Amino acid sequence: MVDDEPEIRRALRTGLGYQDFDVRAVESGEEALAQAASWRPDVVLLDLGLPGMDGFQVLHELRNRDRRAAVIVVSVMPGERDKVRALDLGADDYVVKPFGVDELLARIRAVLRRQAAIAEGEPVIRAGELELDLARREVRANGAQVHLTPTEYEVLRVLALHAGKPVTHTMLLRQVWGEYAVGDRYNTRYVVAQIRRKLGDDPARPRYIVNEPGVGYRLQA
Amino acid sequence: MRAWWPRALPYLVGLCGVGVVTALIAVVRPFAVLPNLSAAYLLVVLFLSARWGWRPALASALLAFLAYDWFFVVPYGTLWISAPRDVLDLVLLLAAALLGARLVSTLASQRRGAQAEAVESGILNEVAISALRDPDGGEALRLLCRRAVEAGGLQAIALMAGEGEEASVVAGDALSGADLRQARWAAARGLDLGARLEHGELHLMRIYSPRREPRLVTLTGGVAVFWLREERPPTQEQCHLLAALLGLGGLLLDRRRGAAAVERARALEASDRLKTAVLSSVSHELKTPIASLRAGLSMLSMPEAGLAPEHCEMVAGLDRQTSRLDHLVSDLLTMARLEAEVSLERTPQPLDEMLGSALRALGPLLDGFDLRVEVPAGLPPLLVDELQLERVLTNLLENAVEWTPAGGRITVGAERDGDRAAVWVENQGPPIAADELERVFSKFWTRRKGGSGLGLAISRRIVEAHGGTIRAENRPDGPRFTCHLPLAAAVPAAEPAPGG
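Quick caveat: nothing in here was measured; it's all calculated off a predicted structure.

(A) Main features of the packing of helix α4 (residues 84-133) of chain B against helix α5 (residues 138-150) of chain B. Residue and element names in this part refer to chain B. One way to put it is that α4 packs onto α5 with a least axis distance of 8 Å and a crossing angle of 160°. When the axis of α4 is compared with that of α5, the two are roughly antiparallel. Crossing angle aside, the handedness with which α4 passes α5 is right-handed. On α5, the residues touching I123, E126, V127, S130 and A131 of α4 are E139, A140, L143, L144 and R147. A breakdown of the residues in the contact of α4 with α5 according to their chemical character gives six nonpolar, one polar and three charged.

Below, the structure is given as structure tokens:
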């Protein structure tokens, strides 16, 4: 955990410790990078508003050195731009300060579950009632097969590969439409609306794909 | 006594010239019998027309005609002509003198015109180049004033910039208090006094005391104030030059005004940026201690913390109060931000998606209510800022939750209304008093204890920034809050093909 507020470090270290997490708390980006190299944590809780080395810089360095540790970005009233920037830099999720320990625990567990799933390299991704067979390129909702166009399948596949994690509009555009796709969010919106319709998902009360306002979409794990 | 002298000079010269030529002819005639000695008068006439124009030339031609007739045509000493040949001679002399005078004087005036034009365009070039060198235009305006006095033949000139009563001298001579007041008065009304600039021509009017009273011309970007030289009013060429200089001055003053407006806009933008920066730092300062409190209190209320049940309950209550404080601070900061600047990023947004986000943000708050969503499937997307509109929906739903008895119905609906959408949230709470239907949207005004009184004020500000409206009304079931918002026009008809 990287945070420059001693009270927060103390409270979270104790609270997470109750749930059998092994926690180390540091107060600067430099220390965080040193710890990440020697101690190799599974999850890094990174405050963006650090004195000295900027949180984005720490995130960039972490992602360059070690792709294993999941990073949850923590920030006070972040602008949507900051959220998108952190996610595009490779953060796995973000939590807005102030938050309670239980809320943080839920996020950490979700990130760890996803890590485990990726480590197993399963050919079938399950998210609730949704099943994605990557080998056969088949999608089933509630056991019934759903027919998607290639573009729709690609979008759903990218969301499923990051199930539980917010995927930014930029990430979707790049991965589905190519590296140099220009930022027309309406494309992704339109395709997602089609997928929702075929999955029988209500956009106002989504079971599968939820909207991350100003950021992108998240497939609920 | 001095006034007639310059005007009489050409005629005196003509008189002397004709006299000298007559004397010469008288001297030469006895020795050489030359048929056309009268042609010598042409020299005088042509000289006069080239130097002073055709009027003195005509006068001297007539004088020469009479002198020749008197002295050299038989009978001498009278204007009587006896031989028809002599009549022809004299008429030819007069005709040649007149034609020659006309021709030479036209050529001379054309040359003078060309010279004046060259001088004029030289001066205009000089001023324009100076204006290009100096983006502020101050140096060019000062040069323009100097040239207007030197070449334009003015006594003095001042150029003023600024709107009406705010106008002040930016180049040229200083103005006395009375002149300045008069100039501002005229500038505020867009009046011209004593002179008018029209179709590139400067028209000067007669005024009562030209030495004391200034002439004023309103230009696109300011006012020109000038005085003529009393003893010598500007010639036609000078008026032409002055008109061109004043036109150029107007352009320069206009450009200067544009530059000043850009500068002011920049300063405002900088102050907005400063406000936003201060707000962002204030947010951080206010939120950080709340974050520490919430982290600590939520940790203490975990069963593993081992607090006695009554303590645990108390700590959980404190945690809830801290959440409420967080909410109030967020509302205050949001309002302050909206008041500093409302920057909207408007894109086509499906209403149901935004509603989904708002419902998710409220989370367990909505548990236990009968929530109904009545959004028609074919509703086109709204042209709104996604985040701001989600805030509006969240605020309206929160408001509904506050007033609806547990288990009551909350309805979110929408319908198309021309090129707009009506979006409403209705609850089953008690009706709002008629005089409060408008007041519920005022800042810090709240019907219940503990609310920030900002939720609806924030919503109104956001909706109005979108060019929409929001109002409250009492329906049979309970109060309804309706927003009218713009719809996005362009909806793609088919799925876009993947590329790249």
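Next, the rest of the story.
(B) Local environment of helix α7 (residues 236-300) of chain B. Its 65 residues give α7 of chain B an end-to-end C-alpha distance of 96 Å, which sits within 8% of 96 Å, the value for a rise of 1.5 Å per residue. At K287 of chain B, α7 of chain B shows its largest kink, close to 25°, and the proline P289 of chain B lies no more than four residues downstream.

(C) Geometry of the confidence of the model for chain A. Residue-level pLDDT values for chain A average 86, and 93% of them are 70 or greater. By mean pLDDT, strand β4 (residues 124-127) of chain A is the weakest element of chain A at 81, and strand β1 (residues 43-47) of chain A is the strongest at 93.

(D) The confidence of the model for chain B, seen in detail. Residues and elements named next belong to chain B. Confidence in the prediction for chain B averages 82 pLDDT; 94% of positions are at 70 or higher. Counted against residues more than four places away or in other chains, residues 490-500, with its pLDDT under 50, gives 21 contacts. Across the interfaces of the predicted complex, the ipTM metric reaches 0.83, alongside a pTM of 0.59.

(E) Fine view of the interface of chain A and chain B. With 42 residues of chain A at the contact, the number on the chain B side is 37 residues. Going through the elements one at a time, α1 (6-18), α5 (101-120), α7 (169-177), α8 (185-199) and β9 (209-212) of chain A are the ones with two or more residues in the side of chain A that touches chain B. Here the element with the most residues in the side of chain A that touches chain B is α8 of chain A; it accounts for eight residues. Within the side of chain A that touches chain B, the residues separate by chemical class into 22 nonpolar, eleven polar and nine charged.

(F) Representation of the sheet that holds strand β6 (residues 138-141) of chain A. Residue and element names in this part refer to chain A. Taken together, the four strands give an open sheet; going across it, the order is β4-β5-β6-β7, and neighbouring strands pair in antiparallel fashion. Across the chains shown, the open sheet's two edge strands, defined by having one partner strand only, are β4 and β7 (144-146). Shown here is a sheet whose adjacent strand axes are inclined to one another by a mean of 25°, direction ignored. With four bridges connecting them, β4 and strand β5 (residues 130-133) associate as antiparallel partners.

(G) Examining the pairing of strand β10 (residues 409-417) of chain B more closely. Residue and element names in this part refer to chain B. Across five bridges, the pairing between strand β8 (residues 370-374) and β10 is parallel. Pairing of R372 across the sheet is with T411, part of β10. The sheet contact formed by β10 and strand β11 (residues 420-426) spans seven bridges and is antiparallel. In the strand pairing of β11, G413 is matched with W424. Connecting the antiparallel pair β10 and β11 is a turn made up of two residues, with G418 showing a positive phi of about 70°.

(H) The sheet that holds strand β13 (residues 479-486) of chain B, seen in detail. Residue and element names in this part refer to chain B. Here we have five strands laid out as an open sheet, ordered β8-β10-β11-β13-β12, and mixed in their pairing. In the strand order of this sheet, the two ends are held by β8 and β12 (469-474), each with one partner. Ignoring which end each strand starts from, the neighbouring axes of this sheet average 15° apart. With seven bridges joining them, β11 and β13 adopt antiparallel strand pairing. Its bridge partner being in β13, W424 is matched across the sheet by T482. Sheet strands touched by helix α10 (residues 386-403): β10, β11 and β13. Its angle to β11, the strand with the most contacts, is close to 30°. Set on the sheet, helix α11 (residues 455-465) makes contact with β12 and β13; between it and β12 the angle comes to about 135°.

(I) View of the environment of L387 of chain B. Secondary-structure assignment places L387 of chain B in helix α10. Residues L387 of chain B and R346 of chain B lie 41 residues apart in sequence; the distance between their C-alpha atoms is 9.8 Å. Once residues within four sequence positions are removed from consideration, L387 of chain B is found in contact with E80, P213 and G214 of chain A.

Criteria and thresholds
- Residues numbered from 1 in each chain as written.
- Chains lettered and ligands numbered in written order.
- Predicted model: local features only at pLDDT ≥ 70, side-chain atom pairs only at ≥ 80, totals over all residues.
- Axes fitted to C-alpha atoms, helices over the stretch in contact; angles between N-to-C directions.
- Helix = DSSP H or I, 4+ residues; strand = E, 2+ residues; numbered from the N terminus.
- Parallel < 35°, antiparallel > 145°, perpendicular 65-115°, else oblique.
- Left-handed = near helix turned anticlockwise from the far one by under 90°.
- Contact = placed C-beta atoms within 7 Å.
- Nonpolar A, V, L, I, M, F, W, Y, C, P; charged D, E, K, R; others polar.
- Expected span 1.5 Å × (residues − 1).
- Bend = angle between axes of the 7 residues up to and from the residue.
- pLDDT = per-residue confidence, 0-100.
- Pairing = 2+ DSSP bridges.

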